[in-house]
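Here is how the chains run, residue by residue.
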Amino acid sequence: MKIIHNILIPTDFSDCAANAYQYGLLFADKWKAGMKLLHVVAPDYGVTDLPVLVDIATKEKIEVAIELLQTFKKDGLAKAKETMPALPDVTDEVKVSSLPYATICSVAADEEFDLVLMGTNSYHSAWETAFGTNASSVLKQAHCHVLIVPEDASYGGLQTVGFAADLHETDPYHLW
């Protein structure tokens, strides 16, 4: 496995994202890695086709998201400070996109992140079950390592790692 220098943590501000953020902080501390929080805002199309109103509504969503991201970042750092003597440097960014998973993968590739670490919960709607979640889409499309942290997981170091692959004839030899 290549050395992890940069970790990307996508967040929707949920409890499972907060748990993944704590994992990310611990990993960043252990590996002396940089870390970035990313929140993707969907454009607000609203009930009108007037571009000016859509632009204003989207800008308002971005402003709210920036405030929420700052609070999320600060709360996570405060919680980590209880167990970590030195906190890693954490940057943050809000992007606008109707496809969060594509934006996450694009940021990870463009900014050369070594790891995308994100949370997932056990509940999935019928839509998510049929078409996949952001986590599963990032897992399929990211250029780098992806670590999916279950909502109820508690950090105790890496004990179990699942490896998924489309096995080909020679793969068992390489895995062995």
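Now for a look at the structure at hand. Computed from a prediction, not measured in an experiment: that's the story for all the values here.

## As for the overall build of the protein chain
Counting its regular elements, the protein chain contains 6 helices and 5 strands. Counting from the amino terminus, helix and strand elements in the protein chain follow one another as β-α-β-α-β-α-β-α-α-β-α. Expressed as a percentage of its 176 residues, the buried residues of the protein chain come to 34%. For the protein chain, contacts bridging at least 24 residues in sequence account for 78% of all contacts bridging at least 6. As presented, the protein chain carries roughly 11,300 Å² of accessible surface, and 56% of it is formed by carbon and sulfur atoms.

## Side note on the packing of helix H3 (residues 100–110) against helix H5 (residues 134–141)
Packed helix pairs are characterised by how far apart their axes lie and by the angle those axes make with each other. Contact geometry for H3 and H5: axes closest at 9 Å, N-to-C directions at 40 degrees. The orientation of H3 with respect to H5, classified from their angle, is oblique. Regarding H3 and H5, the two cross each other, and that crossing is right-handed. Residue-level contacts link Pro100, Tyr101, Ile104 and Cys105 of H3 to Asn134, Ser137, Val138 and Gln141 of H5. Considered class by class, the residues forming the contact of H3 with H5 number 5 nonpolar, 3 polar and no charged.

## Things to note about the sheet that holds strand E1 (residues 6–10)
If you walk across this open sheet you meet the 5 strands as E3-E2-E1-E4-E5, and the pairing is parallel. The outermost strands of the open sheet, each flanked by one partner alone, are strand E3 (90–96) and strand E5 (145–150). The mean angle between the axes of side-by-side strands here comes to 25 degrees, regardless of whether they run parallel or antiparallel. Packing against the sheet, helix H1 (residues 15–31) makes contact with E1, strand E2 (34–41), E3, strand E4 (115–120) and E5, and its axis sits at approximately 150 degrees to E4.

## A closer look at unusual backbone geometry
Despite not being glycine, phenylalanine 13 has its phi angle at roughly 70 degrees, a positive value. Structurally, the position occupied by phenylalanine 13 is in the loop between E1 and H1. The partly exposed category is assigned to phenylalanine 13, whose relative accessible area is 23%. Although it is not a glycine, lysine 32 adopts a positive phi angle of roughly 55 degrees. Along the chain, lysine 32 falls in the loop between H1 and E2.

## Observations regarding the pattern of salt bridges
Under the counting rule described, the total for this entry stands at 5 salt bridges. Aspartate 92 is the salt-bridge partner of lysine 73, the closest N and O atoms lying 2.9 Å from each other. In this pair, lysine 73 sits in helix H2 (residues 51–81) while aspartate 92 sits in strand E3, placing the two residues 19 residues apart along the sequence. Note that lysine 95 is salt-bridged to glutamate 93, the shortest N-O span being 3.5 Å. Look at the salt bridges and you will find they share partners, linking Lys36, Glu93, Lys95 and Glu111 into a network.

## Remarks on the packing of aromatic side chains
One pass over the structure, following the stated rule, counts 4 aromatic pairs. Between phenylalanine 13 and phenylalanine 72, the ring centres sit 5.7 Å apart and the planes meet at 65 degrees, which makes this aromatic pair edge-to-face. Here phenylalanine 13, found in the loop between E1 and H1, pairs with phenylalanine 72, found in helix H2; they are 59 residues apart in sequence, far enough to count as distant.

So, how was this worked out
Residues numbered from 1 in each chain as written. Predicted model: local features only at pLDDT ≥ 70, side-chain atom pairs only at ≥ 80, totals over all residues. Heavy atoms only, no water. Helix = DSSP H or I, 4+ residues; strand = E, 2+ residues; numbered from the N terminus. Buried < 20%, exposed > 50% of the residue type's maximum accessible area, 1.4 Å probe, protein only. Contact = heavy atoms within 4.5 Å. Areas by Shrake-Rupley, 256 points an atom, 1.4 Å probe, with all protein chains shown as cover. Axes fitted to C-alpha atoms, helices over the stretch in contact; angles between N-to-C directions. Parallel < 35°, antiparallel > 145°, perpendicular 65-115°, else oblique. Left-handed = near helix turned anticlockwise from the far one by under 90°. Nonpolar A, V, L, I, M, F, W, Y, C, P; charged D, E, K, R; others polar. Pairing = 2+ DSSP bridges. Salt bridge = Lys/Arg side-chain N within 4 Å of Asp/Glu carboxyl O. Phe/Tyr/Trp six-rings, centres within 6.5 Å; stacked < 30°, edge-to-face > 60°.

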